Amino acid sequence: MGGLYATIRHSEWRLFIVLKDMEDSKAYKVFTFIHLPLYTIILSLLFSQYQTIIFWILDLFLIIHAILHLFFEKHPRNGFKNTFSRSIIYPMGILAVIHLLLLFMME
């Protein structure tokens, strides 16, 4: 949940086409509302028969997330251009690639 707090603190919704023109007080609520059910669904499915599929989806998300942060590195509204954020986002993408390769090799 700390990642969601950081995205709210840095107004990350301003990077999204649909939310960028919305009033901040409304946009952060929409942004948060979208994330909370997603976290609940993902956590519940991690302990189900769909565990492997969810791992694939999470790995792909983390890889795409890291790539998007790389592409948006120079965006003026990007509040995640610091060493702390980079030290979390990019290694998670790399670990996801490794995990995805291991999942692929196990099947």
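Residues numbered from 1 in each chain as written. Predicted model: local features only at pLDDT ≥ 70, side-chain atom pairs only at ≥ 80, totals over all residues. Heavy atoms only, no water.

1. Digging into the overall build of the protein
A count of helices and strands for the protein gives four helices and zero strands. Traced from its N-terminal end to its C-terminal end, the protein shows the element sequence α-α-α-α. Buried residues in the protein amount to 24% of all 107 residues. Here the analysis covers contacts within the protein between residues at least 6 apart in sequence; of these, 53% occur between residues at least 24 apart. Surface accessibility of the protein: about 7800 Å² in total, with carbon and sulfur atoms responsible for 74%. (Helix = DSSP H or I, 4+ residues; strand = E, 2+ residues; numbered from the N terminus. Buried < 20%, exposed > 50% of the residue type's maximum accessible area, 1.4 Å probe, protein only. Contact = heavy atoms within 4.5 Å. Areas by Shrake-Rupley, 256 points an atom, 1.4 Å probe, with all protein chains shown as cover.)

2. Quick word on the environment of isoleucine 98
On the secondary structure map, isoleucine 98 appears in helix α4 (residues 83-106). A relative accessible area of 42% places isoleucine 98 in the partly exposed class. Considering only alpha carbons, one finds isoleucine 98 and aspartate 59, 39 residues apart in sequence, at a separation of 9.1 Å.

3. Comments concerning the packing of helix α3 (residues 51-71) against α4
It is the contact of α3 with α4, at a shortest axis distance of 8 Å, that shows an interaxial angle of 145°. By crossing handedness, the relation of α3 to α4 is classed as left-handed. Of α4, the residues touching α3 (which contributes Phe55, Trp56, Asp59, Leu60, Leu62, Ile63, His65, Ala66, His69 and Leu70) are Ile89, Tyr90, Met92, Gly93, Ala96, Val97, His99, Leu100, Leu103 and Phe104. Across the contact of α3 with α4, the residue classes break down as 15 nonpolar, four polar and one charged. (Axes fitted to C-alpha atoms, helices over the stretch in contact; angles between N-to-C directions. Left-handed = near helix turned anticlockwise from the far one by under 90°. Nonpolar A, V, L, I, M, F, W, Y, C, P; charged D, E, K, R; others polar.)

4. Remarks on the confidence of the model for the protein
On average, the protein scores 78 in pLDDT, and the residues at 70 or more come to 75%. Between the elements of the protein, mean pLDDT differs from a low of 51, seen in helix α1 (residues 2-9), to a high of 89, seen in α3. (pLDDT = per-residue confidence, 0-100.)

5. Quick look at the side chain of aspartate 59
Position of aspartate 59 among the secondary structure elements: in helix α3. Aside from chain neighbours lying at most four places away, what touches aspartate 59 is Ala96, His99, Leu100 and Leu103.

6. Some details on α4
With 24 residues, α4 should reach 34 Å at 1.5 Å per residue; the first-to-last C-alpha distance of 34 Å fits that figure. Residues of α4 that are buried include every one of Ser85, Ile89, Gly93, Ala96, Leu100 and Leu103, and no others. Contacts from the buried residues of α4 go to α3. (Expected span 1.5 Å × (residues − 1).)

7. Some details on a nonpolar patch on the surface
Together, Phe84, Ile88, Met92, Ile94, Leu95, Val97, Ile98, Leu101, Leu102, Phe104 and Met105 give the surface a local cluster of nonpolar side chains, amounting to about 1100 Å² of exposed area. Its location among the elements puts leucine 102 in helix α4. (Patch = residues over 30% accessible without salt bridge, like charges linked within 9 Å, V, L, I, M, F, W, Y side chains within 5 Å. Salt bridge = Lys/Arg side-chain N within 4 Å of Asp/Glu carboxyl O.)

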